[in-house]
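Given next are the chains, with one letter for each unit.
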Amino acid sequence: MAIFLTILAVFVSFVLLLLFGIYFIFFRPNFPRHDEPPHPLDEKEYLHEYRDIINRSIEWFLSQKSEDVYITSFDGFSLYGTFFEIPDGKAKGTVLMCHGFHGVAPRDFAGLPEFYLSIGYNVLVINQRAHNKSGGKYLTYGIKERFDCRDWILFLNSRLGTEKPIFLHGLSMGCATVLMASGFELPPNVKGIVADCGYTSPYDIMCAVLKNSTHLPPFPIIPLSEILVKCIAGFWLKEYSTLDALKTNRIPILFISGDKDDFVPPWMTQKNYDACVAEKRLVWFEGVKHAESFFMGKERYEAEVTKFFEDYANK
């Protein structure tokens, strides 16, 4: 009996430790939460190969004239964005940019805000909930963020009017956010979505990361985690998905991914593309890993996005 109780205690302790680890990795807010600018990337961090590009982008981001803007989320949190507006109403439209998991916009989108401004578009880069200057206890992998994305669109239209186009651009978790938001009946001036390396659902990405990083089976760890997530953060991992949204979405989408993505498996991008019933394009960057397509193929990336904008801005 003593041996059985010891084994049981060890097993329970292991499960609790594992669940805490999953919570800490996947659902804690993006600490430190502060108002300081993002620090330069060093050689030990993710995407360190591109640190010169990223660090120049951070410098550019902080040196430009911009405006701090805020909205209140549907569940009462203050959400923050940085708005770069072309003066005198001369912009062709606006791009709303959603960063990735624990991301910071000047890093995740290094070079892209400058590009969008250069082709005549205002840029709104947001801090997703539970990230940086935005409030919220828990990130929810797009489940609640999709409402935030919708509300940022409404903010832009209330400020700028509805005559000019809005494009959404999401990267990784931000991609899942904008794709899930496409399930809403968005205003007609939302003309297109740039969907870079997004997953299909919180459940799918957690299974993939667990398998790839620890080689542990998803069952029973992820189902147990889902109960914990519901109790603490108030949502189910299978509550909604990009696939649910894409079955009804009517907004054109440019899907982008590296075919060697080692975080969000390429099959998720393919599955998103297949599920989309709207006009769509799919661009693969060969030999490219997660969130590196713009760095590895800047000229092609810009050309694909420019053509996409030209084709759909006035439709």
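Residues numbered from 1 in each chain as written. Predicted model: local features only at pLDDT ≥ 70, side-chain atom pairs only at ≥ 80, totals over all residues. Heavy atoms only, no water.

## Quick word on unusual backbone geometry
At Ser172, a position not held by glycine, the phi torsion is positive, near 60°. Note that Ser172 resides in the loop between β5 (166-171) and α6 (173-181). Residue classification places Ser172 among the buried positions, given a relative accessible area of 7%. Phi angles above zero are rare outside glycine, and Ala291 is one such case at about 60°. Its relative accessible area of 14% is what places Ala291 among the buried residues. (Helix = DSSP H or I, 4+ residues; strand = E, 2+ residues; numbered from the N terminus. Buried < 20%, exposed > 50% of the residue type's maximum accessible area, 1.4 Å probe, protein only.)

## Overview of α6
Of all nine residues in α6, nine are buried; the element is thus mostly enclosed. Of all the positions in α6, only Met173, Gly174, Cys175, Ala176, Thr177, Val178, Leu179, Met180 and Ala181 are classed as buried.

## A few points about the packing of aromatic side chains
The final tally for this structure, using the stated rule, is 20 aromatic pairs. On the basis of an interplanar angle of 55° and a centroid distance of 6.3 Å, the ring pair of Tyr141 and Tyr199 is categorised as tilted. Taken as a pair, Tyr141 in the loop between β4 (121-126) and α5 (145-160) and Tyr199 in the loop between β6 (190-196) and α7 (202-214) lie far apart in primary sequence, 58 residues in all. When its relative accessible area of 4% is taken as the criterion, Tyr141 is described as buried. Look at Tyr199 and you get buried, because its relative accessible area is 2%. Among the aromatic residues, those joined into a ring-pair cluster are Phe115, Tyr116, Tyr121, Phe167, Phe308, Phe309 and Tyr312. Above the ring of Tyr273, the side-chain terminus of Lys280 is found at 4.5 Å from the ring centroid. Between Arg300 and the ring centre of Phe285, over which it is positioned, the NZ or CZ distance is 4.7 Å. (Phe/Tyr/Trp six-rings, centres within 6.5 Å; stacked < 30°, edge-to-face > 60°. Lys NZ or Arg CZ within 6 Å of the ring centre and 35° of its normal.)

## Structural notes on the pairing of strand β1 (residues 67-72)
Relative to strand β2 (residues 78-84), β1 is paired through six bridges, and the arrangement is antiparallel. Each bridged residue has a counterpart across the sheet, and for Val69 the counterpart in β2 is Gly81. Here β1 hands over to β2 after five residues, with Gly76 in that stretch at a positive phi of 95°. (Pairing = 2+ DSSP bridges.)

## So, the packing of α5 against α6
Where α5 meets α6, the closest approach of the two axes is 8 Å, and the angle between their N-to-C directions is 70°. Comparing their axes, α6 and α5 come out roughly perpendicular. For the pair α5 and α6, the contacting residues are Glu145, Arg146 and Cys149 in the first and Met173, Thr177, Val178, Met180 and Ala181 in the second. Partitioned by chemical class, the residues of the contact of α5 with α6 number five nonpolar, one polar and two charged. (Axes fitted to C-alpha atoms, helices over the stretch in contact; angles between N-to-C directions. Parallel < 35°, antiparallel > 145°, perpendicular 65-115°, else oblique. Contact = heavy atoms within 4.5 Å. Nonpolar A, V, L, I, M, F, W, Y, C, P; charged D, E, K, R; others polar.)

## What about the packing of α7 against helix α8 (residues 218-233)?
One can describe the packing of α7 onto α8 by two numbers: an axis separation of 11 Å at closest approach and a directional angle of 135°. One way to sum up the angle between α7 and α8 is to call them oblique. For α7 against α8, the interelement crossing comes out right-handed. Touching Tyr203, Met206, Cys207 and Leu210 of α7 are Pro218, Ile221, Ile222, Pro223, Ser225 and Glu226, all from α8. Of the residues in the contact of α7 with α8, the class split is eight nonpolar, one polar and one charged. (Left-handed = near helix turned anticlockwise from the far one by under 90°.)

## Some points on the sheet that holds β5
The strand order β1-β2-β4-β3-β5-β6-β7-β8 describes an open sheet built from eight strands, whose pairing is mixed. Every interior strand has two partners, whereas the edge strands, β1 and β8 (280-285), have only one. With strand direction ignored, the average angle separating the axes of adjacent strands in the sheet is 20°. Direction of pairing for strand β7 (residues 253-258) relative to β8: parallel, over a ladder of six bridges. Each bridged residue has a counterpart across the sheet, and for Ser257 the counterpart in β8 is Trp284. In the packing of α5 onto the sheet, contacts are made with β1, β2, β3 (93-98), β4, β5 and β6, and the angle to β1 comes to roughly 120°. Against the sheet, helix α12 (residues 298-312) engages β3, β4, β5, β6, β7 and β8, with an angle of about 175° to β8.

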